[in-house]
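Residue-level structural notes
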Amino acid sequence: MQNLPKLSQIFNSISEKLEQGSPDELKINIIQKLRGVFLLVLGYLLSPLCWWNDLLFNLPIAYFFGYICSFFSPKLLLPCSIIGYWLSNVVGILLMQYGSQDIFQKEPSERNLKKELLSGLVSSTVYTLVIVGLIHLKILDIPILFANG
């Protein structure tokens, strides 16, 4: 029974907050939060933070990108697939940044696209360099598909 006063205080504070904002502001806020959750989940699925996403998302996107580039020259399939994989990771990180801003930011503010794009490019490039370094140090094995033998 000691929790009842605490629960009533919580409900009172929520109702006060709802009364302070107009219904239109509340709808916009809810839509913004839902959009943020959607972008965050989609970005997570494309980002290098999700370990199982490559087979389902990133590799098909990368192969499709390489396939489109191979129309110009068949030799572009593998390099453009690698670029497509890298770009899908960059897009994933950027989507996570946009989504988290929509969810956690209290008041809307101007977004700096250059800064966010640079941050996504730097973090994806660092991730790629770490993976290449781990392969070079023979900590990670490369698939047989890319072996020279």
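Everything numeric here is computed off the predicted structure, so don't read it as measured data.

Side note on the UniProt feature "transmembrane region" (unreviewed entry) in the chain
- According to UniProt, the feature "transmembrane region" (unreviewed entry) maps to residues 37-56, 76-96 and 117-139 in the numbering used here.
- Secondary structure over residues 76-96 splits into 95% helix and 0% strand, and the C-alpha atoms at its two ends are 30 Å apart.
- Helix makes up 87% of residues 117-139 and strand 0%, whereas the separation of the span's terminal C-alpha atoms amounts to 30 Å.

Details of the side chain of Ser-81
- Here Ser-81 lies in helix α4 (residues 77-104).
- A polar side-chain atom of Ser-81 sits 2.7 Å from the main-chain carbonyl oxygen of Leu-77.
- Apart from residues no more than four positions distant in its own chain, Ser-81 is found in contact with Ala-62, Tyr-63, Gly-66 and Leu-76.

Section: the confidence of the model for the chain
- In the predicted model, the chain carries a mean pLDDT of 76, and the fraction of residues at 70 or more is 73%.
- Per-element confidence in the chain is highest for helix α3 (residues 53-69), whose mean pLDDT is 87, and lowest for helix α1 (residues 3-20), whose mean pLDDT is 54.

Let's talk about the packing of α3 against α4
- It is the contact of α3 with α4, at a shortest axis distance of 7 Å, that shows an interaxial angle of 135°. As judged from the angle between their axes, α3 and α4 are oblique. Helix-helix and strand crossings are classified by hand; for α3 and α4 the assignment is right-handed. In this structure, α3 contributes Asp-54, Asn-58, Leu-59, Ile-61, Ala-62, Tyr-63, Phe-65, Gly-66, Tyr-67 and Cys-69 to the contact, and α4 contributes Leu-77, Cys-80, Ser-81, Ile-83, Gly-84, Tyr-85, Leu-87, Ser-88 and Asn-89.
- When its residues are assigned to classes, the contact of α3 with α4 shows twelve nonpolar, six polar and one charged.

Quick notes on the rules
Residues numbered from 1 in each chain as written. Predicted model: local features only at pLDDT ≥ 70, side-chain atom pairs only at ≥ 80, totals over all residues. Heavy atoms only, no water. UniProt positions renumbered as here; feature names shortened; annotations may be inferred. Helix = DSSP H or I, 4+ residues; strand = E, 2+ residues; numbered from the N terminus. Polar contact = N/O pair within 3.5 Å; in protein donor to acceptor, adjacent residues only side chain to side chain. Contact = heavy atoms within 4.5 Å. pLDDT = per-residue confidence, 0-100. Axes fitted to C-alpha atoms, helices over the stretch in contact; angles between N-to-C directions. Parallel < 35°, antiparallel > 145°, perpendicular 65-115°, else oblique. Left-handed = near helix turned anticlockwise from the far one by under 90°. Nonpolar A, V, L, I, M, F, W, Y, C, P; charged D, E, K, R; others polar.

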